Amino acid sequence: AGEPIYDGTTVFGFFPKEAFENQVGLPVPDDERARLTAPSDYRVDLTARPERYCGGTLKLPGEMLLMLDRVTGYWPEGGRAGLGYLRAEKDVDPGEWFFKAHFFQDPVQPGSLGIDAMCQLLQFYMLERGMQEGIANPHFEPVMLGRAVTWKYRGQVVPTNGTISTEVEITEIGEDDRGRFAIANAWL
């Protein structure tokens, strides 16, 4: 209706090849690193395309765009807000379509697919909690209007990486005039 729906500021740069060698990403404090290996009996294999998460009208993306292979932990009362904490993984396959297309002679996973992995784990949480129940024709909207969305890219996912870990810590759940929502802090 002639109104902006998204306003943003971004910065891009060009870096010589040497700048990307031996990138380690953001430093990870010991307590955060421990979460990646915290024991959990909860496990969902998303490569098997379970109906609860991958079938029906409200579902996770198809195989080509699904950026999670398995959910390896779910603590329903976890996180600082006590609303839930989830952990998932994706095996890096050097033959995946995006490595062939992004970037020329420097194959990396697009950062947008990392953001999508975090959104998908948040969507998984919403499905797990049954937040879609009682809503006619539910659908996911990855960006909540009127709320700030912030992310930082540090480091790269390259074909030689073994596994990508994704975490979400739910900070708020609720309902407004647009429907039910969940907000989280997330890491990749």
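One structure accompanies this document, and this report is about it. (Residues numbered from 1 in each chain as written. Predicted model: local features only at pLDDT ≥ 70, side-chain atom pairs only at ≥ 80, totals over all residues. Heavy atoms only, no water.)

### Here we look at the overall build of the chain
Logical step 1: A count of helical and extended segments in the chain gives four helices and five strands.
Logical step 2: Order of helices (α) and strands (β) in the chain, N terminus to C terminus: α-β-α-β-β-α-α-β-β.
Logical step 3: Dimensions of the chain, computed from the C-alpha atoms along their principal axes, are close to 55 × 50 × 30 Å.
Logical step 4: Expressed as a percentage of its 188 residues, the buried residues of the chain come to 31%.
Logical step 5: In the form shown here, the chain has an accessible surface area of approximately 12400 Å², with 53% of it arising from carbon and sulfur atoms.
Logical step 6: A gap of 1 Å separates the mean positions of the 18 positive and 28 negative side-chain charges of the chain. (Helix = DSSP H or I, 4+ residues; strand = E, 2+ residues; numbered from the N terminus. Buried < 20%, exposed > 50% of the residue type's maximum accessible area, 1.4 Å probe, protein only. Areas by Shrake-Rupley, 256 points an atom, 1.4 Å probe, with all protein chains shown as cover. Lys, Arg positive; Asp, Glu negative; His and termini not counted. Charge placed at Lys NZ, Arg CZ, Asp CG, Glu CD.)

### A closer look at the pairing of strand E2 (residues 70-75)
Logical step 1: With respect to burial, E2 is a largely interior element, five of its six residues being buried.
Logical step 2: Pairing of strand E1 (residues 44-45) with E2, which is carried by two bridges, proceeds in the antiparallel orientation. The partner of Val44 across the bridge, within E2, is Val71.
Logical step 3: Two strands pair when backbone bridges link them, and E2 and strand E3 (residues 85-91) are joined in this way by five bridges, in the antiparallel orientation. Following the sheet pairing, Val71 is matched in E3 by Ala88. (Pairing = 2+ DSSP bridges.)

### Section: helix H4 (residues 111-129)
Logical step 1: The end-to-end C-alpha separation of H4 is 28 Å, in line with the 27 Å expected for 19 residues at 1.5 Å each.
Logical step 2: Burial analysis of H4 places 14 of its 19 residues in the buried class, which makes it a mostly covered element. (Expected span 1.5 Å × (residues − 1).)

### A word on the nonpolar core
Logical step 1: Membership of the largest hydrophobic core comes to 31 residues, with the highest contact counts inside it found for Leu46, Tyr53, Val71, Leu86, Leu121, Phe124 and Tyr125.
Logical step 2: Those elements that place two or more of their residues in this core are helix H2 (51-54), E2, E3, helix H3 (97-101), H4 and strand E4 (163-176).
Logical step 3: Every residue in contact with Leu86, bar those within four places of it in the chain, is listed here: Gly73, Tyr74, Leu121, Phe124, Tyr125, Thr166, Glu167, Val168 and Ile170. (Core = buried A, V, L, I, M, F, W, Y, C linked by side-chain atoms within 4.5 Å. Contact = heavy atoms within 4.5 Å.)

### Considering the pairing of strand E5 (residues 179-187)
Logical step 1: Note that E4 and E5 share nine bridges and pair antiparallel. Among the inter-strand pairings, Glu172 is bridged to a residue of E5, identified as Ile183.

### So, the packing of aromatic side chains
Logical step 1: A full pass over the atoms with the stated rule returns six aromatic pairs.
Logical step 2: Seen in terms of ring centroids, Trp75 and Tyr85 are 5.3 Å apart; in terms of plane orientation they differ by 35°. Their pairing is tilted. With a gap of ten residues between them, Trp75 in strand E2 and Tyr85 in strand E3 connect regions that are remote in the sequence.
Logical step 3: The exposure class assigned to Trp75 is partly exposed, which follows from its relative accessible area of 24%.
Logical step 4: Classification of Tyr85 as buried rests on a relative accessible area of 8%.
Logical step 5: One aromatic cluster is present, built from ring pairs that chain together Tyr42, Tyr74 and Tyr125.
Logical step 6: Geometry around Trp187 places Arg35 over its ring, the cationic atom sitting 4.7 Å from the centre. (Phe/Tyr/Trp six-rings, centres within 6.5 Å; stacked < 30°, edge-to-face > 60°. Lys NZ or Arg CZ within 6 Å of the ring centre and 35° of its normal.)

### Remarks on the side chain of Asp69
Logical step 1: Within the element layout of this structure, Asp69 appears in the loop between H2 and E2.
Logical step 2: Buried and unpaired, Asp69 has Lys90 as its nearest opposite-charge partner, separated by 4.1 Å.
Logical step 3: Beyond its immediate stretch of four places on either side in the chain, Asp69 contacts Val44, Asp45, Leu46, Thr47, Glu89, Lys90 and Asp91. (Salt bridge = Lys/Arg side-chain N within 4 Å of Asp/Glu carboxyl O.)

### Some remarks on the sheet that holds E4
Logical step 1: Judged by pairing direction, the sheet is antiparallel, and its five strands sit side by side in the order E1-E2-E3-E4-E5 without closing on themselves. Every interior strand has two partners, whereas the edge strands, E1 and E5, have only one.
Logical step 2: Along the sheet, H4 makes contact with E1, E2, E3, E4 and E5, crossing E4 at roughly 55°. (Axes fitted to C-alpha atoms, helices over the stretch in contact; angles between N-to-C directions.)

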